[in-house]
Amino acid sequence: MTLFASASFFLFTALWPGSISAQYGPSTGSVSLAKTATGDSPAFTVPPSADHGMNVLPNIKDPQALDPQNVCPGYKAANVQNTDTGFTAHLQLAGPACNVYGNDIRDLTLLVKYQANDRIHLQIQPRYTGRENETWFLLPEALVPRPADGDARESGNKMAVSWSNEPSFSFTVKRRDTGDVLFTSKGKALVFEDQFLEFGSSLPDNYNLYGLGEVIHGFRLGNNLTRTIYAADVGDVVDANIYGSHPIYLDTRYFTKGSSGELTYVTDVTDKAAHYVSYTHGVFLRNAHAQEILLRPSGITWRALGGSIDLYFYAGPSAEDVTKSYQNSAVGLPAMQQYWTFGYHQCRWGYENWTVLQDVVDNFAKFEIPLETIWTDIDYMKGYRDFDNDPARYSYSEGAEFLSKLHTNHQHYVPIVDSAIYAPNPENPADAYPTYDRGVNADAFLLNPDGSIYYGAVWPGYTVFPDWVGAVLNGSGAIDWWINELTLWYRKVAFDGIWIDMSEVASFCVGSCGSGNLTLNPAHPPFELPGEPGNLVLQYPEGFELTNQTEAASASSAMHTQNHPPTATASFSSSSTTSSAYFRTTPTPGSRNVNWPPYAINNYQGDLGAHAASPNATHHGGTLEYDFHNLFGHQILNATYEALLRVFEGKRPFIIGRSTFAGSGKWAGHWGGDNEARWAFMFFSIPQALTFSIFGIPMFGVDTCGFAGNTDYELCSRWMQLSAFFPFYRNHNTLSAISQEPYIWSSVISASKTAMHIRYSLLPYMYTLFALAHRGGDTVMRALAWEFSNEPWLANADRQFMLGGAVLVTPCLTQGATTVDGVFPGVGNGTIWYDWYEMGAVTGAKPGQNVTIESPLGHIPVFLRGGHVVPIQEPGLTTTASRGNPWGLIVALDGAGRAAGKLYLDDGESLVPEATTWVDFFAKGNSVVAVPEGNYVDKNPLGTVTVLGVKAAPSKVRLNGKDLKTSYWTYSEDKQSLSLEKLGNQFSNGVWRSSWNITWH
């Protein structure tokens, strides 16, 4: 977790000048004593100065920075070899080396491979590498697999690649059937150095790009943004580089089509009656180094601090086509989740002991609010140590009783596990920590360049970091050790899943600050924890003063006092804002400067080693963290997945991780990190979720009601309802903030129950969406622009979203509002929308029109799309209870009286289920047909069937050809809906055992 208490805190830390010298050895900061958060004994406090790196200035903000395009010669292609599957070439510098931000690589190779009919691989890498520098440029497939070559031929590909040497080498990728240029480096010199790459492309006016995460931003990225990709323990700072690294984007372009088929690109759409077509393609850079992508009105410039240009172009032509192809070819299909993981999860930093945890569980039961899983943050740990419970507050014996009761009630428990391992004080026998000792014996930890263990600092004090890269590439013991530690701990604490945090990897000091300082352990972090003097949690949401004037005034006054204490003085160097105060480096012939590369990316933390493991930290086998920093979070998820396969043999692992990379979705889900209890962050949760759909990580959710700061009843009511339609649904907040469990406020109880009733009804539908994602790469949460691809006015729509293809969610995201504006896409082409609550059709909406929808507090507008059959189940307080309840169907007919849908059934937990069933639903010609296929036995009956869009009152309704009594069905003329109820006795052996049909006449 990242600590922040107020906007003022952000401003203060942003203004504080950096240290003039970074430390990549033992910390020499002064000693201070403080109470630990987990005990009463004095502890050393890591000095704040220990986390100050060099005062670097990002090149994009540096007036002295050279533009590589002005000084670098580019390359010339020669020895071009063509085949029917692509071509190769040699590239050589076209002039004297510029060595602008590294040492120019004189000789390169170009490979163009038509891998599939919708995919092209284009790679540029050094012609000569050796063991001493291979990982500088080539990303090992053992860490990040590359898409496999297929049997495709150039002639059958949807795209074509051409090249030119005028004025220097460039390449162009075109869509074959339209001639549209998708990517062209023409006009930009290729720059390829040992610490700097640059290439780019012009793009159409007002282009629509999506992806390039992880970032807190609107869904459409726009053309005035610099996207830094460098995993960082930052909190959800808008537009900054945060936890994950996903160098892929989707580019959607809209056209009008003339009478003879010619396409005209459109930007600003005013005529919403015109007919438009769209094409989407994708670009993925398989590169794990620090990157910076400049999005400007003229196009895109891609920069990286190493690696190679390893590009994959996906033709689409739809967004769905691109994301499916990307997942199937490059990153793997999303992990199938256990059924229970789609229930509601409750967490906070500050649950003091098992008794408090039991009180929380009991309160959910008392107020009859569904609760599936209770989580614990680092409170449970003994001195913030992984795999070690606090004996007084979270004892193993008391925990066994708590967990036995929890599991008996079919509920679950997930604890946090941090990414750093405590290094015990060698002079204190009582500080012994067997987990650390076993790791040392297994060669499991990251090293210094001299081969000694690298010691950073995190929550418990000075710590070590597992060396996942060394384990994969050099066979050292981190993964086996990690599997063993989780297995041993499970014997004491029967958890059901694991939450991985701090995995960028975060360190609270620059360099190996613990080397020589372990006798100072345990140590307090170099900042106040929430609730400690100087860091009281006083922030409230926007608009809080409108509904809580007295409390808001008090909090504002206290915040002002905290941020401006009367005795505080601050000395800011007058030169800190001048260019002379910044630390710059220049290339060194024949070597790299990994700690301070000559090109400074726009890293939120500044120095690459600040608040992170240092770039020169060394993996077993000799490779450097500089080349693999962005993969730590990815590989800890891999190791945890392997561990849980061992712990829960035959079951699907449930893991939620913070730092992710391309491909992490095949092992884990992701939560959006340390957001704030603000209305803005509730909005940002939607584009963040949609972006992770692109990345192949559909198991996504955020800290509902907000992590940092205090929430209030209005924001929490709205957010609890919004998150009910996210796959991962968890409420979590920070230490010392007010409680925000949904039972705290009566209005939040009501709002939560309303939304949870819909969510739990839709669990079969959501589970089926995940089965389709796991099977073929379908998305779960979807942008409106993906489902309605020929409506260009939806290109920027990120305040509404689709859950699958059938459910439209239009949340109210504005403080004090009782209505919300939303569009009903597709109405110009005949799409019918039905209100979830009223089960009647929406009328009067026009194409692209923002319709004002009633949304009083406690109500979230939800609509069903005509043409879809949605399976539902009577909701219970747990997913187990829900799975034992009667089934239902909602059949939302389109204008032609048709609908279709699917249902997936299995045991809800097995990695490879022994029995599965798929049910296909079809509606047409006044009938609904269910066709099951498979061997999974579900004995629940059918309770209800609701058919929407029935134009005339039926005189008869039949089930499998037999007339049903009128007591079983009713027709609403106003809503044009047919409702069948009390059908249980018609399917006493289970409704999915054989095909059946319902007809009406």
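Our subject is the structure listed above.
Residues numbered from 1 in each chain as written. Predicted model: local features only at pLDDT ≥ 70, side-chain atom pairs only at ≥ 80, totals over all residues. Heavy atoms only, no water.

Engineer: Tell me what's going on with the overall build of the protein chain, and back it up with residues and numbers.
Structural biologist: Broken down by element type, the protein chain carries 18 helices and 50 strands. By the compact-globule yardstick of 30 Å for 1001 residues, the protein chain fits well, its C-alpha radius of gyration being 29 Å. Taken along its principal axes, the extent of the C-alpha atoms in the protein chain is 85 × 75 × 55 Å. Per-residue burial over the protein chain gives 62% buried out of 1001 residues. Put simply, of all contacts in the protein chain between residues at least 6 apart along the chain, 72% involve residues at least 24 apart. Accessible surface computed for the protein chain: about 35300 Å², of which carbon and sulfur atoms make up 50%. (Helix = DSSP H or I, 4+ residues; strand = E, 2+ residues; numbered from the N terminus. Rg over C-alpha atoms; globule rule 2.2 N^0.38 Å. Buried < 20%, exposed > 50% of the residue type's maximum accessible area, 1.4 Å probe, protein only. Contact = heavy atoms within 4.5 Å. Areas by Shrake-Rupley, 256 points an atom, 1.4 Å probe, with all protein chains shown as cover.)

Engineer: Let's hear about the packing of aromatic side chains: which residues, and what values?
Structural biologist: Evaluated as defined, the whole model comprises 70 aromatic pairs. Ring plane angle 70° and centroid distance 5.9 Å describe the contact between Phe 255 and Tyr 265, whose orientation is recorded as edge-to-face. With Phe 255 in strand 14 (residues 246–257) and Tyr 265 in strand 15 (residues 263–266), this pair connects stretches of sequence that are 10 residues apart. By relative accessible area, which is 6% here, Phe 255 ends up buried. (Phe/Tyr/Trp six-rings, centres within 6.5 Å; stacked < 30°, edge-to-face > 60°.)

Engineer: I'd like to hear about helix 9 (residues 478–490), residue by residue, with values.
Structural biologist: Here helix 9 is 13 residues long and its end C-alpha atoms lie 18 Å apart, about the 18 Å a rise of 1.5 Å per residue gives. Every buried residue of helix 9 is accounted for by Ala 478, Ile 479, Trp 481, Trp 482, Ile 483, Glu 485, Leu 486, Thr 487 and Trp 489. (Expected span 1.5 Å × (residues − 1).)

Engineer: Describe the state of the cysteines, and please don't skip the residues or the numbers.
Structural biologist: Scanning all chains against the criterion turns up 3 disulfides. Shown here is the disulfide that connects Cys 72 with Cys 98, its sulfur atoms set 2.1 Å apart. Taking the sign of the S-S torsion, 80° for the link of Cys 72 and Cys 98, the bridge is right-handed. A residue pair is termed long-range when its members are at least 10 positions apart, and Cys 72 in the loop between helix 2 (68–71) and strand 3 (75–83) and Cys 98 in the loop between strand 4 (86–93) and strand 5 (107–116) qualify at 26 residues. Comparing Cys 72 with Cys 98 shows no difference in burial state: the two are buried. Paired through a disulfide, Cys 705 and Cys 716 show a sulfur-sulfur distance of 2.1 Å. On the S-S bond that ties Cys 705 to Cys 716, the torsion sits near 80°, and the link is right-handed. (Disulfide = S-S within 2.5 Å.)

Engineer: Give me the lowdown on the packing of helix 15 (residues 746–761) against helix 16 (residues 763–776), citing residues and values where you can.
Structural biologist: Each pair of packed helices can be summarised by the angle the axes make with each other and by the distance between the axes. For the pair helix 15 and helix 16, the least separation of the axes is 4 Å and the interaxial angle reads 55°. With respect to helix 16, the element helix 15 is oriented oblique. Of helix 16, the residues touching helix 15 (which contributes Arg 759, Tyr 760 and Ser 761) are Leu 763, Pro 764 and Met 766. (Axes fitted to C-alpha atoms, helices over the stretch in contact; angles between N-to-C directions. Parallel < 35°, antiparallel > 145°, perpendicular 65-115°, else oblique.)

Engineer: Any chance you could break down the packing of helix 13 (residues 679–694) against helix 14 (residues 713–723) for me, citing the residues and the numbers?
Structural biologist: Contact pair helix 13 / helix 14: the axes reach a minimum separation of 10 Å and the direction vectors enclose 10°. Here helix 13 is positioned roughly parallel relative to helix 14, judged by the angle of their axes. Between helix 13 and helix 14, the contacting residues are Trp 679, Phe 681, Met 682, Ser 685 and Ile 686 on the first element and Glu 714, Leu 715, Arg 718, Trp 719 and Leu 722 on the second. A per-class count over the contact of helix 13 with helix 14 returns 7 nonpolar, 1 polar and 2 charged. (Nonpolar A, V, L, I, M, F, W, Y, C, P; charged D, E, K, R; others polar.)

Engineer: Can you lay out the sheet that holds strand 7 (residues 159–164) for me, pointing to particular residues and giving the numbers?
Structural biologist: With antiparallel pairing, 3 strands are arranged side by side in an open sheet as 7-8-9. Among the strands making up the open sheet, the edge pair consists of strand 7 and strand 9 (181–184). Taken over all neighbouring pairs, the strand axes of this sheet differ in orientation by 20° on average, direction set aside. Pairing between strand 8 (residues 170–175) and strand 9: 3 bridges, direction antiparallel. (Pairing = 2+ DSSP bridges.)

Engineer: Explain the nonpolar core to me, using residue names and the numbers behind them.
Structural biologist: In terms of nonpolar packing, the biggest core is built from 242 residues, with Tyr 413, Trp 482, Phe 725, Trp 992 and Trp 996 touching the most fellow members. Looking at which element gives the most residues to this core, the answer is helix 13, with 10 residues. Discounting chain neighbours no more than four positions away, the residues touching Trp 482 are Asp 386, Phe 387, Val 417, Asp 418, Ile 421, Pro 466, Trp 468, Ile 500, Ile 636, Ala 639, Thr 640 and Ala 643. Counting residues in hydrophobic clusters, the runner-up holds 45 residues, among them Leu 110, Val 112, Ile 124 and Met 159. (Core = buried A, V, L, I, M, F, W, Y, C linked by side-chain atoms within 4.5 Å.)

Engineer: Run through the environment of Arg 303, naming residues and quoting values.
Structural biologist: Along the chain, the position of Arg 303 falls in strand 18 (residues 299–304). Of the residues examined, Arg 303 reaches a relative accessible area of 11% and is grouped as buried. For Arg 303 and Gly 200, which are 103 residues apart along the polypeptide, the C-alpha to C-alpha distance reads 8.5 Å. What Arg 303 contacts, discounting residues up to four positions off in sequence, is Ile 60, Pro 68, Phe 196, Leu 197, Glu 198, Ala 290, Gln 291, Glu 292, Leu 294 and Tyr 599. Side-chain polar atoms of Arg 303 contact the side chain of Tyr 599, separated by 2.7 Å. (Polar contact = N/O pair within 3.5 Å; in protein donor to acceptor, adjacent residues only side chain to side chain.)

Engineer: Explain the pairing of strand 5 to me, and be specific about the residues and the numbers.
Structural biologist: A regular strand places its side chains on the two faces of the sheet in alternate fashion. Of all 10 residues that make up strand 5, 8 are buried, and the element is covered over most of its length. The pairing of strand 4 with strand 5 spans 7 bridges and is antiparallel. Residue pairing for strand 5: Gln 92 is matched across the bridge by Asp 107. Relative to strand 6 (residues 119–126), strand 5 is paired through 8 bridges, and the arrangement is antiparallel. Within the sheet, the bridge partner assigned to Tyr 114 lies in strand 6 and is Ile 120.

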